[in-house]
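Structural description and commentary
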Amino acid sequence: MRTLVWFRSDLRCQDNLALHYATDVSERGVVGLFVFCPKQWQDHDWGNPKVGFLHRNVQALSEALEAYNIPLLIRTCETFQDTPDIVLDVARSLECDKVVFNKEYEINERRRDKAAVEALAEAGIAYQGFDDSVLLEPGSVQKKEGGDYSVFTPYKKTWIQVLNERGGPPKLVEPKKQNKKVCDAEELPETLDGYDLSDDRDDLWVAGEAHALERLEKFAAQRIHKYDDCRDIPSVNGTSTISPYLALGVVSPRQCLAAAVENADATWPELALGNDGVSVWISELIWREFYRHLLVACPRLSMDQPFQEKTKELVWRNNEEEFQAWCDGETGYPIIDAAIKQLNQTGWMHNRLRMIVAMFLTKQLLVDWRWGERYFMQRLVDGDLAANNGGWQWSASTGTDAAPYFRIFNPWSQGKRFDGKGEFIRRFLPELSDVPASALHDPDKLAQKKPSSYPDPVCDHKTARERALQAFKSL
Ligand SMILES: Cc1cc2nc3c(=O)[nH]c(=O)nc-3n(C[C@H](O)[C@H](O)[C@H](O)COP(=O)(O)OP(=O)(O)OC[C@H]3O[C@@H](n4cnc5c(N)ncnc54)[C@H](O)[C@@H]3O)c2cc1C
């Protein structure tokens, strides 16, 4: 057998289920394929940071595959519509008996895969998809009475139970080196239509699975035990920053769970149920699965629709100038502006800040959550439809298990609570470096102490809060 491995968001060799399978069964060799789809990615709002990082990771994958005698072939097309023919054509021309891939759960990706496997079946070529980007496949974590969970806590309990029934954290798999290369690897395109590949923080986000594993292992050995205390403090390096690697599959969720378990004081499954750093971190991995499972359970989430259908009626203000001030980090709220500058400069934003800025945009400014979701996607290096949509709909109170509509963060007190000394704010807003910490979290004091170059607040928190409450109450 000769197998074609169609890589997508699984850009690694280690613990890659489709690749492992292919190297196990193919006595006539394994070939890899990656298809660049720049027009489609633009339609999905993927920005330069994510696509630049992806491009570098495909290069790193190609080099890593060489060690296994597996060439990576490269194709470029406009949209997913063209992909099935490309896959079929490559499989045919290399006389592959089977095409394997790791499943993607977003609606357009699932439609593309359906078309691809139909074309393969018609041509008499076998195919197989693997649930590699999650620890448990969508549909496997169900309520006792049947149906998908829409609330996280009971979902998490069942998730742990199902994993236990399957023997607990899975063993990691490794591909086998092939005896002979079927053909040579191909060069990546140097440019991609619509993208500026140099607009990418390659100093911050080093490509390749070797680096991703090092990042993960460092976090698990040195910082995971303090995660419960540090994870909400943006000035501290308290989280793993593994999200860009997980989003593109440069590291697998199984590798993440294994790193956590290996460094835990308790044993599985008890460790997953506790409140210490390791347990809380594992909970975040389960949140990731929750949102991925929801994409399949509720396809409208991939189509710009809210989970709570009645919130379709909400009347957003959508003031373009205010939205632009938010995008530029010029709202006059130091914690919001510093957070947005972090996003614009690094392609990543701390989770606590993602919640604060998302709630500010959707509640205080009453801007449609889809505007913010899109802006994040364009700027994030870890942009991931399931987590981004989940986070935005949580913040906007339109989602599943979302914040209740009357829970509206006060950005001044959030800033004081999570960046009391203003260390994070000053790092990203050097113009406020001489402003005392107390003024960074108090609008009246800030008005007296700030330099004239720093904007006045775009809205008054109390008035804006009342406006949001009225808008939601009228639903
Ligand atoms: C408005 C909003 C938008 C978001 N957009 C994205 C996005 O596009 N891509 C993305 O990966 N995450 C997103 N998140 C979730 C979360 O903010 C990031 O995963 C996290 O900040 C990444 O940093 P980390 O790797 O250090 O996380 P850690 O705290 O170390 O967590 C480990 C991993 O768990 C997963 N995770 C953590 N928190 C969440 C969560 N709330 N929901 C789902 N998965 C989670 C991530 O894969 C993360 O890498 C968003 C959250 C909000 C509130």
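Residues numbered from 1 in each chain as written. Predicted model: local features only at pLDDT ≥ 70, side-chain atom pairs only at ≥ 80, totals over all residues. Heavy atoms only, no water.

**So, the pattern of salt bridges**
- Applying the stated criterion across every chain, the model contains 27 salt bridges.
- The shortest N-O distance in the salt bridge between Arg-201 and Asp-203 comes to 2.8 Å.
- According to the relative accessible area criterion, Asp-203 is exposed, its value standing at 52%.
- It is possible to trace a salt-bridge network through shared partners that takes in Arg-8, Glu-104, Arg-112 and Asp-113. (Salt bridge = Lys/Arg side-chain N within 4 Å of Asp/Glu carboxyl O. Buried < 20%, exposed > 50% of the residue type's maximum accessible area, 1.4 Å probe, protein only.)

**Let's talk about empty space enclosed by the protein**
- Summed over the entire model, instances satisfying the criterion amount to 3 cavities of 30 Å³ or more.
- Approximately 90 Å³ is the volume found for the largest cavity.
- In this structure, the largest cavity is lined by Tyr-291, Leu-294, Leu-295, Leu-301, Phe-307, Ala-386, Asn-389, Gly-390, Gln-393, Trp-394, Gly-399 and Thr-400.
- Of all the elements in the fold, those that place two or more residues in the lining of the largest cavity are α12 (277-297) and α17 (385-395).
- Ranked by residue count, the leading element in the lining of the largest cavity is α17, at 5 residues.
- Residue composition of the lining of the largest cavity, by class: 7 nonpolar, 5 polar and no charged.
- Two domains each put at least three residues into the lining of the largest cavity: domain 2 (134-170 + 209-297) and domain 3 (309-473).
- Surrounding the second largest cavity, Gly-139, Ser-140, Val-141, Asp-148, Tyr-149, Tyr-155, Phe-290, His-293, Leu-294 and Ala-297 form its lining.
- Looking at which element gives the most residues to the lining of the second largest cavity, the answer is α12, with 4 residues. (1 Å grid on protein atoms, 1.4 Å probe; cavity = no way out; pocket = protein on both sides within 12 Å on 5 of 7 lines; lining within 4 Å. Points joined across faces, edges and corners; volume = space filled by probe spheres on them. Helix = DSSP H or I, 4+ residues; strand = E, 2+ residues; numbered from the N terminus. Nonpolar A, V, L, I, M, F, W, Y, C, P; charged D, E, K, R; others polar. Domains from an automatic or database assignment.)

**A short note on the site of the ligand**
- Of all residues adjacent to the ligand, which total 26 residues, the nearest are Tyr-227, Thr-239, Ser-240, Thr-241 and Asn-351.
- Here Tyr-227 contributes a side-chain N or O atom positioned 2.5 Å from an oxygen atom of the ligand.
- At 2.6 Å from an oxygen atom of the ligand is found a side-chain nitrogen or oxygen belonging to Ser-240.
- When atoms are counted within 2 Å of each cavity's grid points, the one that captures over half of the ligand is the largest pocket.
- Here the residues of the shell around the ligand sort into 13 nonpolar, 8 polar and 5 charged.
- For the shell around the ligand, the two domains that each supply at least three residues are domain 2 (134-170 + 209-297) and domain 3 (309-473). (Near = heavy atom within 4 Å. Polar contact = N/O pair within 3.5 Å; in protein donor to acceptor, adjacent residues only side chain to side chain. Sits in = over half its atoms within 2 Å of the grid points.)

Purely geometric stuff here, so don't read any function into it on its own.
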